[in-house]
Structures are given as C-alpha cells and as structure tokens.
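This is what each chain is made of:
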Amino acid sequence: MESSIKEKCPFKIDIGPVYSVDPAKRHAYAQSGNNVFVPVERELIFDIDISDYDDVRYCCSGADVCKDCWPLMTIAIKILDASLRDDFGFNHILWAYSGRRGVHCWVCDSRARKLNNEQRAAIADYFRVYKGGENTMKKVSLTGPVLHPFLARSYTDVLKCFFEDKLLLSQQLFASEERYRKILDLIPDENIASELHDRWQGNRRSSISKEDVNATRWEQLKTTLQSGKHKAQGLRRCVEEIVFSYTYPRLDMEVSKHMNHLLKAPFCIHPKTGRVCVPIDPNNCDDFDPTTVPTLSQLLGELNAAGLHSNSENDWERTSLEKPIRFFRTAFLQPMLKACKEELESAYNAKLQQSKNSLAW
Amino acid sequence: MEIVRSHRQLAAAAAAAGGGGGVDGGGAGGLPTYRTAPQLEVRLEEFELFAIDRLRVLKGIADGLSRGKRPEEMEKLVNELWKVHMRHQDPAETLNKDIISHFVLRLVYCRTEELRKWFLSMETTLFRYRFRLESPESQRMLMSEFQLPYKALPHSEFEAVKDKLSQVARSIGQSATVESVFFKVPFEEVPDLVASRRVFLSKGYTYVAMSQVVSLVVTQFRCNISKALVLTNRKWMATIKEQEKDRLTPIVEALSNAYFGPDYSQPKDAVEISLKDIDQLARTSFPLCMHHMLEKLRENHHLKHGGRMQFGLFLKGAGLKLEDALAFWRAEFSQKVGSERFDKEYAYSIRHNYGKEGKRTDYTPYSCQKIISATPGVGDHHGCPYRHFGEENLRAALNKMGISGHPLEEIMDKVKNRHYQLACTLTFEAAHGVSCDTGINHPNQYFSESQKVLKVKNQAVQSQATT
C-alpha cells in the first residue's frame, strides 16, 4: 500500500465500502446478470458542512468559516457523539476536520459497519430535526407535549447554552430588523410577533445602554412567550424551536444513508486550503480551531527546519502533526485494533467450541 | 398450489414459491404469514380474478401513501379496501383467496427489481395495518410464529427506565401512564421506530412497547417476502416461464402491466425534445416541480443530488438525448464549478442515469408517489411543491404560472387536505383550460398530456388560419 501510494501520488484518497468482489473486476461480474457486485461493509459516516447553515450565520457564507461560526460544528460534534455512544452504543468513533468547511464522522464498530441502507437511514432520520427544503419558512417543528429524551438532553446540555452564551452575541442575532424579523417569523402567533416587533422598532435608541441588545431582546421574547397568558401548546414549544433552528446539527443525509458513498480519508490534504484533515477530539472539541490546522506548506517548512534526516520513520514527531497523529493512534486506532482482535478471537473460540461439541457427538 | 382449468387438472407449475406444507397458520383473526404456498387446487379464472382483487387493494394503498395519509387514516383505508375486495361470507374462502392472490401476485411482481420493490412495499404496508387490527392474543401468536426471540422486560429493568419510557410516550402524544409490557430489542430490528424517534434508545437497544411490536413483526415479514421474491424470480426465469408459456405466462405478464401504469423510462412515440426548446416547453408543459427546478438551476447554476435525479430523469423521460443532457447540465454547472469539475464529478452520474455507467440499468423517471414521499433538506429544490412548499411560496409560484382567484383557492384547498396529486391535476386544468379525467400521477404524464393538448390547439389555430 505504501509503495503504491508513493508510486501513484494521489492528491486525495476517498474511502468507500468493502465490496463482495474485487471492484476492478466489477464489469466482468456485471455480465453475469445477478447482482454479485454489492457493498458488504462500510463505516457509518456523517458529513456536516458549515455552508448548510448559511441562513443562520452572518459572519461568513459558503465555504468560509471563522471562529464565530465554527461553534456550530462544535455543537454538532457534541450532540452526535453523545448520542452515538449513549443511545446507539457505539464506541469506535473518529471525528475529523474535513479540511475546509466542516467535519466528518466515522463510526467504525463492527456493528456499525454491517448496517444495511435502511438502518443507516433510520439513524440519520433519528438525528434529523431540520426539515423542509428551501421553500418552507419554518423548518423545525417540534410536536408533542414533551421532547424525546434525546432531543431534551441535547437541548439542555448543549443547544441552549451555546445559543445563549455564544451565538446570540457572536452572530448578533437580534441586532438588526432584518435579523430579528427572521426569528419573529418562527412564532406562529402573529399578535405576539408584531407586539415584539413594534416594541423593538420603537426603542432602537435605547440599545446604547450597557445591556447587550441581543440578550435583552431574547429575554423579552422568552418572557413574552412563556408568560402565563400564552401557555398555549404551540407557543410553549416555540422558544425551543427557535433555538433548534439556529443551532441543531444539519446533516448531509444522503452521505449517511447509503453504503456506497465515498468520503475523504482522514489526514488527506484539502486540495483548496492545503489543510490536513486532522482528527478532532470530541472531549475537547471546544478548543479546536480550524484556522490553526497545519497546512501542507507549513509541514514542509517544519520538516526542513528540523534538518534533513530524510526518510526517517519518525519525522512526523517533529512537526505540528505530532499531536494529531498521537491522538489518532491512542484514542482511536489502538482501541479499535484491540476490539477487532477480541472479536476474531471470540469468533474463533465459538467455532472451536462448536467443532468440539460435534466431535463429542 | 395447483392450477386447474375448469375441472381438468393440469400440471402444478405455479407452485411457484415452493410447495409443501398445508395452509400456513392463519393466526386467530386469519392473518397469514405466507411462509409456504398452500396445496390447493385453483381454477384458472380464480387465479386471475383473485389477483386482480388483491391488486385493487394494493393500488388503493399506494394511492393512500402518495396522499401522505396519516397512520390512523391508512388503517381505516386498508380495512375498507380489504372488506370491499377480499371478503367472502365464508371465512375459509376469504383465507384461501388471501393466500392464493398473494402467491399469484408474487409471481407477477417477482420479475424486475422495480416490480419487486413496489410489491414488497405495498404488501408490507397491507400486513402492517392488518396486524394492527388483530386482537392482542393473535398478535402474540403471530409474534411466536415469526419466532421472535424477545422476552418481555423484567420488572427491575423496567423500573430503571420507566421515566424515560414515559417521556417517549408523551413525546409522541400518548398518555404518560406507561404500558406494562416492553421488549428490549437491538435498534437494527426496528428502523422505522428509530427513524421517527418513537422509542427510547440506550446503548444500542430500543425499548419496544407491546403496542409497537407491529414494527418488529413487519421487519421480519418484509425480510421473508423480500427473500422469497428473489427465489421466485429465479424459479420463474429458470423453469416456470418456459413451462407455462401457453398458460400462466400470458396472464402473469398481462397482470403486471394492467395496473402499473405506463412505463416512462423510454420516451413514448419516439418524441424528442431538443436543448433550445427546454425553456419554452417548461413554460407551457412542465409540471410545477420540474419548472421550479429549472428556474433554480438557471438561477444558481447548481442543483443538489435529489434535484439532479428528479429533474434529470424527467428530462430523459421527456425525450432529451444523452448528449443533449450532458450539454444542458454542463452549460449550467460550468458557470458555478467550472467545466473541468463538471466533467470529473457530475458527468458520470448523468451517464449513469442513462444506463451508461456502473450497474448499467436504465433508470426510470420518478413517479409522483416517489416525489411526494421525498424529504428535501437544506438547499434542496426537489420534491413535490404541493407537499413541500410553504403556503406563501406555493401561492407565489402558482401566481407566476398565471393561476389566481377561484382555481387557486381550489388548489390550495386540495393541498390542505393533502391531495397533492389532485392539486397538480387542478393546476394542469387551470393552465390548459381543459379537464384531465385521468388525474396526474407522473410528471412525465403531465408533460405528454400537456403536449397533446397543445398540439390539438395548434392544429385548430392552423386550420382556422388556412380557411
């Protein structure tokens, strides 16, 4: 493999499923008519792009990210990682920076690799709150008198504090009429929406006061909606709906649903930014800063600066990839290998047991 | 199952899905699991008539699904359809008809991937709602018949998660008093309950309430039928088709065409549309969903995957040749991503749709039912506008098509009642000034009907001009 990579020198590597037969010979098999060329195993993957959040961030758009909108990705990592571990019982999960505008998630437990397309779609749907394409106003609709435990936990543990402590301010969500109008549009009761609208239009001047205008207006909105007289079913959910609309992870569903989707391998170099697709530690993902991820040219510089011990195995230890690689090995690769070994052993023992039993007979 | 013409016995070829075993266990309420084909003599007339009756039920279910009916409504619909088409005074006869018709249709719908998918999904839906109507005792009997290895959750474990179970129950609008019987099941077994967040999940296990076991049973049912269909297809190809070429084969082939509607994978009557006509045709003859995507494509020079599939296959069905299709998409996409990236990343999937790459299947354009059941996400423009647009956006889009006033209100009324295809039919009528009795159930049908109407109108204008 190493020599083949050196020989071909690909500028990126995508990883797909393990197929039932050698993909290079798939055309030969296709002749036989029956579908023998089928994917049999594939990691469960998730792809989240910041560009899908364009309607709720004002600092950047498209493929650009900055430290003001990156927390949206942090939220996604926290929520999915917790649920994949606690709800679905997966253990071998790798998060990686996609090199430019998002994050990738690889769930590598053998149970995850063996999921069929329908089961993958079910997991993706379990995570999906954000519905409706470009042509619906209200995209998050939470029904029922209480939230599902997963959503409730996501809301109290992650979404609420990120929204109130970070995004409200960093994105200046209530700072202009255009922006608060978009939030008010999510309130189903027109009277309340226009009442708040009028109030905020009137006291534009008072925003000079020390209190931040975004925080003040959010508090006003909350008290109005949650005050006794508006306890109606639809409105009680409304505060949560707004928070979910502005923070909840937006997955690229198609990527997760099908076994045969390709995804860029970790540690590739993004062709546009030159940044390395480094792993992200979900337990410390608050500290991750996409703008300081090493680039290819930076690594070259570091290697050169360290002197010319060319071709030595451990050159990476003297570059800024040292930490990411160590993390990859200790937190992901080694536990994963151990689990694979144990699985093989127990399968072998089971077989041994079986053959012993049949011999005894 | 033996097939008998009048009173004369003939060779039992159509024991298609593997004979043996008596009539399989009917459950107390008479819901069979169709594990084995029964040893029965069947008259050739009944062979066909029973199958047609069952097809009516399945077709009715397909209609219900495409209108986006809610589970309660579906339950009522299935119950009614079944009563009308399948009931007999004699319960034993009803059971026979049920089983015979199922196995006949299995033969009919085993022959292509597309047919199998349709049949599997309709039979599964039918089974699901019939199961819900069974009594708890017969539900339990069916569970054991499928040999589901699950035991009810022991009391101590139940108490530990009781609060969470109650929270889930309330989140889906049930009362907070938790049912007492739960099964602990790997999440892989109940994908539908996971997808809709109707169960509590912990460490890879779901807690399935007695009232939800239908999902468990249905997964099993679906899996059995799916495997059986593939087997039946093999037998059909290997032996039955040839052996029965004078007797069953014609019936089977006629049955699958009779109710499935025309096939739009190949443009009919060799109609061709050319690149330069697309915008003109879009204004006059594209259904709203396709017109909308063309507009967005022209505006953004990009469409996401779902849109490329829905719109691309529609164009193919309407008669756009592969070379023209490549030129069409390249012209737009290259403005956004550059023609080099287009050739590398997008051209493949267009050739794929035309059966020139990969599996080399010639893909069929999406039907309304498929489009309606799509779930467009961020940045997506595909799907059915009548279902997926917000009210304001839909009104604006229809206004742009020149529809307003009374017809518009009528359309919006259909939309509110979730009759999306009827709404589209009304739009067709309003836009063309003629009635459309067949109703719209395929975007390519909308297109070809529209072309027909316009042709007649043009001829009328021309003949007026010459006289």
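Here's what I pulled together on the structure shown here. Since this is a predicted model, take the numbers as computed values, not measurements.

Scoring rules and cut-offs
- Residues numbered from 1 in each chain as written.
- Chains lettered and ligands numbered in written order.
- Predicted model: local features only at pLDDT ≥ 70, side-chain atom pairs only at ≥ 80, totals over all residues.
- Heavy atoms only, no water.
- Helix = DSSP H or I, 4+ residues; strand = E, 2+ residues; numbered from the N terminus.
- Buried < 20%, exposed > 50% of the residue type's maximum accessible area, 1.4 Å probe, protein only.
- Contact = heavy atoms within 4.5 Å.
- Buried area = accessible area lost by both parts, 1.4 Å probe.
- Salt bridge = Lys/Arg side-chain N within 4 Å of Asp/Glu carboxyl O.
- Polar contact = N/O pair within 3.5 Å; in protein donor to acceptor, adjacent residues only side chain to side chain.
- 1 Å grid on protein atoms, 1.4 Å probe; cavity = no way out; pocket = protein on both sides within 12 Å on 5 of 7 lines; lining within 4 Å.
- Points joined across faces, edges and corners; volume = space filled by probe spheres on them.
- Nonpolar A, V, L, I, M, F, W, Y, C, P; charged D, E, K, R; others polar.
- Arc of directions from axis to C-beta.
- Patch = residues over 30% accessible without salt bridge, like charges linked within 9 Å, V, L, I, M, F, W, Y side chains within 5 Å.
- Areas by Shrake-Rupley, 256 points an atom, 1.4 Å probe, with all protein chains shown as cover.
- Core = buried A, V, L, I, M, F, W, Y, C linked by side-chain atoms within 4.5 Å.
- Phe/Tyr/Trp six-rings, centres within 6.5 Å; stacked < 30°, edge-to-face > 60°.
- Lys NZ or Arg CZ within 6 Å of the ring centre and 35° of its normal.
- Pairing = 2+ DSSP bridges.
- Axes fitted to C-alpha atoms, helices over the stretch in contact; angles between N-to-C directions.
- Left-handed = near helix turned anticlockwise from the far one by under 90°.

### Examining the overall build of chain B
Right, so step 1: When helices and strands are counted, chain B shows 20 helices and six strands.
Right, so step 2: The 467 residues of chain B split such that 49% are buried.
Right, so step 3: A fraction of 67% describes how many contacts in chain B between residues 6 or more apart in sequence connect residues 24 or more apart.

### Things to note about the interface of chain A and chain B
Right, so step 1: Counting residues at the interface gives 39 residues for chain A and 36 residues for chain B.
Right, so step 2: Here chain A and chain B share an interface that buries about 3200 Å² over both sides, 54% of which is from carbon and sulfur atoms.
Right, so step 3: Summed over the shared surface of chain A and chain B, the number is three salt bridges.
Right, so step 4: In this structure, A:Asp52 and B:Lys304 form a salt bridge, with 3.7 Å as the shortest nitrogen-oxygen distance.
Right, so step 5: The interface formed by chain A and chain B holds 11 residue pairs in polar contact (both at pLDDT 80 or more) in total.

### Some remarks on the pattern of salt bridges
All names here are of chain A.
Right, so step 1: Applying the stated criterion to the full structure yields 42 salt bridges over all chains.
Right, so step 2: A salt bridge links Glu322 to Arg326, with the nearest nitrogen and oxygen atoms 2.5 Å apart. Taken together, the residues Glu322 and Arg326, both in helix H14 (residues 322-360) and four residues apart, mark about one turn of the helix.
Right, so step 3: Note that Lys338 is salt-bridged to Glu342, the shortest N-O span being 3.9 Å. Here Glu342 and Lys338 lie together in helix H14, a separation of four residues that amounts to about one turn.
Right, so step 4: The exposure class assigned to Glu342 is partly exposed, which follows from its relative accessible area of 45%.
Right, so step 5: Because the salt bridges share partners, they merge into one network encompassing Lys160, Glu164, Glu219 and Lys222.

### With respect to empty space enclosed by the protein
It is a probe the size of a water molecule, rolled over the atoms, that shows where empty space is left.
All names here are of chain B.
Right, so step 1: Under the criterion given, the structure shown has two cavities of 30 Å³ or more.
Right, so step 2: What the largest cavity holds in volume is close to 100 Å³.
Right, so step 3: Elements with a contribution of two residues or more to the lining of the largest cavity: helix H11 (288-300), helix H15 (368-372), helix H16 (385-388), helix H19 (420-432) and helix H20 (443-466).
Right, so step 4: In terms of residue count, H15 provides more of the lining of the largest cavity than any other element does, three residues in total.
Right, so step 5: When grouped by side-chain class, the residues that make up the lining of the largest cavity number 13 nonpolar, one polar and no charged.

### Quick notes on helix H7 (residues 177-184) of chain A
Right, so step 1: Looking at H7(A), one finds that the buried residues are A:Tyr180, A:Ile183 and A:Leu184. The arc that holds the buried residues of H7(A), viewed along the axis, is 100 degrees, so those residues lie on one side.

### Let's talk about unusual backbone geometry
Right, so step 1: Phi is positive for A:Cys9, which is not a glycine, with a value near 50 degrees.
Right, so step 2: The topology assignment puts A:Cys9 in the loop between helix H1 (2-8) and strand S1 (14-15).
Right, so step 3: For A:Cys9, a relative accessible area of 59% gives the class exposed.
Right, so step 4: The residue B:Arg197 is not glycine, and still its phi comes out positive at about 50 degrees.

### Points about the side chain of A:His104
Residue and element names in this part refer to chain A.
Right, so step 1: With respect to the helices, strands and loops of the structure, His104 is situated in strand S6 (residues 102-107).
Right, so step 2: According to the relative accessible area criterion, His104 is buried, its value standing at 7%.
Right, so step 3: If we skip the residues at most four places from it in the chain, His104 touches Phe46, Asp47, Leu94, Trp95, Ala96, Ser98, Leu263 and Lys264.

### Details of a nonpolar patch on the surface
Right, so step 1: Where nonpolar side chains cluster on the molecular surface, the patch consists of A:Met1, A:Ile5 and A:Ile13 and spans about 320 Å² of accessible area.
Right, so step 2: By the secondary structure assignment, A:Ile5 is in helix H1.

### What about the nonpolar core?
Right, so step 1: In terms of nonpolar packing, the biggest core is built from 150 residues, with A:Phe46, A:Leu84, A:Phe88, A:Phe90, A:Phe127, A:Leu221 and A:Phe244 touching the most fellow members.
Right, so step 2: In this view, A:Phe46 contacts A:Leu80, A:Leu84, A:Val103, A:His104, A:Cys105, A:Val107, A:Ile123, A:Phe127, A:Leu251, A:Ser256 and A:Leu263; residues no more than four positions away in its chain are not counted.

### Focus: the packing of aromatic side chains
All names here are of chain B.
Right, so step 1: Enumeration according to the criterion identifies 43 aromatic pairs over all chains in this entry.
Right, so step 2: Counting every residue linked through ring pairs, the aromatic cluster contains Phe286, Phe311, Phe314, Phe328, Trp329, Phe333, Phe342, Tyr346 and Phe447.
Right, so step 3: Here Lys316 stacks its cationic end above the ring of Tyr354, 5.5 Å away from the centre of that ring.
Right, so step 4: One Lys or Arg, Lys370, reaches over the ring of Tyr366 and ends 4.5 Å from the middle of that ring.

### Examining the sheet that holds strand S4 (residues 182-186) of chain B
Residue and element names in this part refer to chain B.
Right, so step 1: The strand order across the open sheet formed by three strands is S4-S6-S5, and the pairing between neighbours is antiparallel. One side of each edge strand has no neighbouring strand; the edge strands of this open sheet are S4 and strand S5 (200-202). Within the sheet, the average angular offset between the axes of one strand and its neighbour, ignoring direction, is 30 degrees.

### Quick notes on the environment of A:Gly16
Residues and elements named next belong to chain A.
Right, so step 1: Counting through the fold element by element, Gly16 comes out in the loop between S1 and strand S2 (18-19).
Right, so step 2: Along the backbone, Gly16 and Ala265 are 249 residues apart, and their C-alpha atoms lie at a distance of 9.5 Å.
Right, so step 3: Those residues in contact with Gly16 that lie beyond four places of it in its chain are Arg42, His261 and Leu262.

### Notes on the packing of helix H3 (residues 91-108) of chain B against helix H8 (residues 213-243) of chain B
All names here are of chain B.
Right, so step 1: Interhelical geometry of H3 versus H8 gives an angle of 65 degrees and a closest axis separation of 9 Å. The handedness of the crossing between H3 and H8 is right-handed. Each of His102, Arg106 and Leu107 in H3 lies in contact with H8, whose residues at this interface are Ile225, Ala228, Leu229, Thr232, Trp236 and Ile240.
Right, so step 2: A breakdown of the residues in the contact of H3 with H8 according to their chemical character gives six nonpolar, two polar and one charged.

### Description of the sheet that holds strand S4 (residues 44-49) of chain A
Where strands meet in a sheet, backbone hydrogen bonds hold them as pairs that are either parallel or antiparallel.
All names here are of chain A.
Right, so step 1: Within the open sheet, the four strands sit side by side as S4-S6-S5-S8. Their pairing is antiparallel. Where the open sheet ends on each side, the last strands, each with one partner, are S4 and strand S8 (279-280).
Right, so step 2: Relative to S8, strand S5 (residues 93-97) runs antiparallel, the two being bridged by two bridges. Bridging from a neighbouring strand, Ala96 pairs with Pro279 of S8.

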